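Structure at a glance
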Amino acid sequence: VQLQASGGGLVQTGGSLRLSCAASGFTFSSYYMGWFRQAPGKEREFVGRINGSGYRVYYADSVQGRSTISRDNAKNTVSLQMNSLKPEDTAVYYCAATTKWTTDHVQYDYWGQGTLVTVSS
């Protein structure tokens, strides 16, 4: 099983980034996919999740209205588009897979290595 996140980088406040996560080694369409983030010195935080078909998406309040999660089951990828970025969005972003519709990171079975997003003020 492998989840490979990419797309992080340095962006100015108000800018946008699109993070991608490529999955392999499991039946991707059978899993809910989630995005989490962890800022230095803070606990891992739920960002959003998407169901297997891609028609049901749920976002944390902190990113609601600024983010879009989508998936392509033909390519085994999930993406997180983030707009109007703020310095407080600075964190390592992780994609993860689970068979449960949950925001609890403990319930996620597979994790990517993370990609760093830095938003400068």
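Everything here concerns the structure above.
Summary of the structure given here. Computed from a predicted model, the values in this text were never measured in an experiment. (Residues numbered from 1 in each chain as written. Predicted model: local features only at pLDDT ≥ 70, side-chain atom pairs only at ≥ 80, totals over all residues. Heavy atoms only, no water.)

**Some thoughts on the pattern of salt bridges**
On inspection of all chains with the given rule, the structure shows 3 salt bridges. Put simply, Arg 37 and Glu 45 hold a salt bridge, and the shortest N to O gap is 2.8 Å. On the basis of relative accessible area, Glu 45 is assigned to the partly exposed category, the value being 32%. A network of salt bridges, in which partner residues are shared, links Arg 37, Glu 45, Arg 66 and Asp 89. (Salt bridge = Lys/Arg side-chain N within 4 Å of Asp/Glu carboxyl O. Buried < 20%, exposed > 50% of the residue type's maximum accessible area, 1.4 Å probe, protein only.)

**Describing the packing of aromatic side chains**
Applying the stated criterion across every chain, the model contains 11 aromatic pairs. For the pair Phe 26 and Tyr 31, a centre-to-centre distance of 4.9 Å together with 75 degrees between the ring planes defines the contact as edge-to-face. The same class applies to Phe 26 as to Tyr 31, namely buried. For Arg 44, the ring lying beneath its charged end belongs to Trp 111, and the centroid distance is 4.6 Å. (Phe/Tyr/Trp six-rings, centres within 6.5 Å; stacked < 30°, edge-to-face > 60°. Lys NZ or Arg CZ within 6 Å of the ring centre and 35° of its normal.)

**Observations concerning the state of the cysteines**
Taken as a whole and assessed by the stated rule, the structure comprises 1 disulfide. Two residues, Cys 21 and Cys 95, share a disulfide whose sulfurs are 2.0 Å apart. On the S-S bond that ties Cys 21 to Cys 95, the torsion sits near 60 degrees, and the link is right-handed. One end of the pair, Cys 21, is in strand β3 (residues 17-24); the other, Cys 95, is in strand β9 (residues 91-98), and 74 residues separate them in sequence. For Cys 21, a relative accessible area of 1% gives the class buried. (Disulfide = S-S within 2.5 Å. Helix = DSSP H or I, 4+ residues; strand = E, 2+ residues; numbered from the N terminus.)

**Here we look at the nonpolar core**
Ranked by internal contacts, the top residues of the largest apolar core, which has 33 residues, are Leu 3, Trp 35, Val 78, Leu 80 and Tyr 93. Of all elements in the fold, only β1 (2-6), β3, β4 (32-38), β5 (45-50), β8 (77-82), β9 and β11 (115-120) reach the threshold of two or more residues within this core. Looking at which element gives the most residues to this core, the answer is β9, with 5 residues. Those residues in contact with Leu 80, other than ones at most four positions away along the chain, are Leu 17, Arg 18, Leu 19, Trp 35, Val 47, Ser 67, Thr 68, Ile 69 and Tyr 93. (Core = buried A, V, L, I, M, F, W, Y, C linked by side-chain atoms within 4.5 Å. Contact = heavy atoms within 4.5 Å.)

**Structural notes on the environment of Ala 5**
Relative to the helices and strands, Ala 5 is located in strand β1. Taking relative accessible area as the criterion, Ala 5 reaches 4% and is therefore assigned buried. Between the C-alpha atoms of Ala 5 and Gly 52, which are 47 residues apart in sequence, the distance is 18 Å. In contact with Ala 5, other than residues within four places in its own chain, are Ser 20, Cys 21, Cys 95, Gln 113, Gly 114 and Thr 115.

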